[in-house]
Amino acid sequence: MNNQHEYEVIIIGAGVVGNGIAYHLSEKKQKNILVVDKGFPLSGTSGATQAWVWVHGKKPDAYAYFTKCSAELYPELERKIGDIEYARTGGIEPFFSVEEMKEAEKMVQSQNKAGVPVELLNREEVLKKEPHFSRNVVGATYSPVDGNVNPFKLLEKYIKANRDQGVTFSFYNEVTGIDKKAGKFVVNTQKGKFTAEKLVLAGGLWTKKLGAFLDVSVPIKKVRGQIIVTEPLKPFIHHTIGGMMRQMQCGPVLIGYSMEKVGYDRRSTLNMIQETAKFGIQYYPDLAKANVVRCFSGIRVVPEDGIPILGKVPQVDQLYIAVTHSGVTLSPLIGTLMSELIMKDTTSISIKDYQISRFSKQPV
Ligand SMILES: Cc1cc2nc3c(=O)[nH]c(=O)nc-3n(C[C@H](O)[C@H](O)[C@H](O)COP(=O)(O)OP(=O)(O)OC[C@H]3O[C@@H](n4cnc5c(N)ncnc54)[C@H](O)[C@@H]3O)c2cc1C
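Residues numbered from 1 in each chain as written. Predicted model: local features only at pLDDT ≥ 70, side-chain atom pairs only at ≥ 80, totals over all residues. Heavy atoms only, no water.

1. A short note on the pattern of salt bridges
On inspection of all chains with the given rule, the structure shows 17 salt bridges. Between glutamate 27 and lysine 80 there is a salt bridge, with the nearest N and O atoms lying 2.8 Å from each other. Taken together, the positions of glutamate 27 in helix 1 (residues 16-27) and lysine 80 in helix 2 (residues 61-81) put the pair 53 residues apart, joining distant regions of the chain. The class of lysine 80 is partly exposed, set by a relative accessible area of 36%. The partner of arginine 224 in a salt bridge is aspartate 265, and the shortest N-O contact between them spans 3.4 Å. Of this pair, arginine 224 sits in strand 12 (residues 220-230) while aspartate 265 is found in the loop between strand 15 (253-255) and helix 7 (270-283), placing the two residues 41 residues apart along the sequence. What makes arginine 224 buried here is its relative accessible area of 4%. Through salt bridges with shared partners, a single ionic network connects Arg224, Glu260, Asp265 and Arg267. (Salt bridge = Lys/Arg side-chain N within 4 Å of Asp/Glu carboxyl O. Helix = DSSP H or I, 4+ residues; strand = E, 2+ residues; numbered from the N terminus. Buried < 20%, exposed > 50% of the residue type's maximum accessible area, 1.4 Å probe, protein only.)

Next up, the structure:
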């Protein structure tokens, strides 16, 4: 660690968002970066996720297009940092009634208009792509750009690349306060004080608390999701199945969709696990006899209006924020754009819609 405890950029949060920013900053030769985390890299939401790289159906359509830009960056990211089990499986979002089909048709049209490739599949087409799927399916929407990644490998490879590119990490080190003195941030931690010219808040769920140190209000909510993990099974789910499940490359199926507003409560509850299992079997009847090896739950960090909060914090010079749901999907694009903003004060794709100033009446 730098003896002076002085850095050019400090990033608080070593999840997929903070590490993605550190990776792109250090790749662009930004010197003297510290990433600080109160736990270990997977201790937040990045370690309790389905990790789909999911694009189609996101609302509004412009946001779906924004996520598509991120999905497009994954193959190149994998080429650079190494195997992260990124698979562009294509995504299927099934429906089971004619009413849902009408909604799906509208969605396909508006997403295509926005530049997101989505098509409508009829029952036979769904079953051709997914032969083990329930015969009750009426149709589905399908996009070739959806996929998934292994979040454990993603973080492992990010951290290795970041260290190779000169980034310093301080784990198990909680930030307990932040001040701004003489134009520099003073970040107080359990292991001492660090100063920086520029500060990035990428603390996931805890970004609200981090913002409060500088009187910045961060409007986010917590939404729990519970996931069932089966034993490794022979490959039989070929796509990422929207709203519900995916099969990992090493065989286990991850099933889960719950959205529960229960605060920071990471328990797995029998009622929700039971419901999740029931829906899982309705999708793939063969799952009925699968051996369940574990369940886990994670807390989504969801901005009040559902879309990311990215960019500068207008009322505090040199303060940046990156907090979002779908952080796995968005990590390569957030890293790219935030590093451009921090180093060049501009971004190659507009993040105007995602600025924190949208929540206040303050001028941008
Ligand atoms: C059940 C579930 C399913 C999901 N499925 C998907 C999906 O399929 N696709 C997708 O793209 N996204 C999905 N998500 C969302 C995605 O996982 C998150 O958006 C993403 O992991 C957020 O990453 P992050 O780096 O912002 O947060 P985190 O991973 O939580 O990292 C923030 C870090 O900040 C650190 N920190 C906080 N406060 C402090 C402090 N005071 N001092 C020091 N360190 C601090 C924490 O320790 C933590 O490690 C899912 C989430 C859940 C819960």
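Having put the structure on the table, let's press on.
2. What about the domain arrangement of the chain?
What the domain assignment lists for the chain is domain 1 (4-48 + 152-219 + 305-360) and domain 2 (220-303). Distance between the C-alpha centres of domain 1 and domain 2: 29 Å. Counting from both sides, the interface comprises 20 residues of domain 1 and, opposite them, 12 residues of domain 2. Both faces combined, the contact of domain 1 with domain 2 buries some 1,200 Å², and carbon together with sulfur accounts for 68% of it. On the domain 1 side of the contact with domain 2, Ala48, Leu205 and His325 bury the most area, a combined 45% of that side's loss. Joining domain 1 to domain 2, the criterion identifies five residue pairs in polar contact (both at pLDDT 80 or more). The residue inventory of the side of domain 1 that touches domain 2, partitioned by class, reads nine nonpolar, eight polar and three charged. (Domains from an automatic or database assignment. Contact = heavy atoms within 4.5 Å. Buried area = accessible area lost by both parts, 1.4 Å probe. Polar contact = N/O pair within 3.5 Å; in protein donor to acceptor, adjacent residues only side chain to side chain. Nonpolar A, V, L, I, M, F, W, Y, C, P; charged D, E, K, R; others polar.)

3. Description of the environment of leucine 42
Its location among the elements puts leucine 42 in the loop between strand 2 (33-36) and strand 3 (52-53). Once you skip the residues sitting within four places of it in the chain, leucine 42 turns out to touch Gly47, Pro151, Phe152 and Leu155.

4. A closer look at the packing of aromatic side chains
Applying the stated rule across the entire model yields 15 aromatic pairs. Pairing tyrosine 23 with tyrosine 158 gives two aromatic rings, centres 5.9 Å apart and planes at 45 degrees, and the pair type is tilted. Of this pair, tyrosine 23 sits in helix 1 while tyrosine 158 is found in helix 5 (residues 151-164), placing the two residues 135 residues apart along the sequence. Residues tyrosine 23 and tyrosine 158 agree in their burial class; the two are buried. Aromatic pair phenylalanine 236 and tyrosine 284: ring centres 5.7 Å apart, planes at 90 degrees, arrangement edge-to-face. (Phe/Tyr/Trp six-rings, centres within 6.5 Å; stacked < 30°, edge-to-face > 60°.)

5. A look at the site of the ligand
In the vicinity of the ligand there are 38 residues, among which Asp37, Lys38, Ser46, Trp52 and Thr329 approach most closely. In this structure, an oxygen atom belonging to the ligand sits 3.0 Å away from a side-chain N or O atom of threonine 49. Computed on the free molecule, the ligand has an accessible area of 1,000 Å², of which 97% lies beneath the protein chains in the complex. Elements with a contribution of two residues or more to the shell around the ligand: helix 1, strand 12, strand 16 (292-303) and helix 8 (327-344). Two domains share the shell around the ligand, each providing at least three of its residues, namely domain 1 (4-48 + 152-219 + 305-360) and domain 2 (220-303). (Near = heavy atom within 4 Å. Areas by Shrake-Rupley, 256 points an atom, 1.4 Å probe, with all protein chains shown as cover.)

6. Section: the environment of threonine 45
Assignment of secondary structure puts threonine 45 in the loop between strand 2 and strand 3. Threonine 45 gets classed as partly exposed once you look at its relative accessible area, which sits at 25%. Residues contacting threonine 45, with those up to four places away along its chain left out, are Leu205, Ile299 and Arg300.

7. Description of the packing of helix 2 against helix 5
Following both chains from N to C, one finds helix 2 and helix 5 inclined at 55 degrees, their axes separated by 10 Å at the closest point. In terms of axis orientation, helix 2 runs oblique to helix 5. You can see that helix 2 and helix 5 cross each other, and the crossing is left-handed. Residues Tyr74, Leu77 and Ile81 of helix 2 touch helix 5, and the partners they reach there are Leu154, Lys157, Tyr158 and Ala161. Across the contact of helix 2 with helix 5, the residue classes tally to six nonpolar, no polar and one charged. (Axes fitted to C-alpha atoms, helices over the stretch in contact; angles between N-to-C directions. Parallel < 35°, antiparallel > 145°, perpendicular 65-115°, else oblique. Left-handed = near helix turned anticlockwise from the far one by under 90°.)

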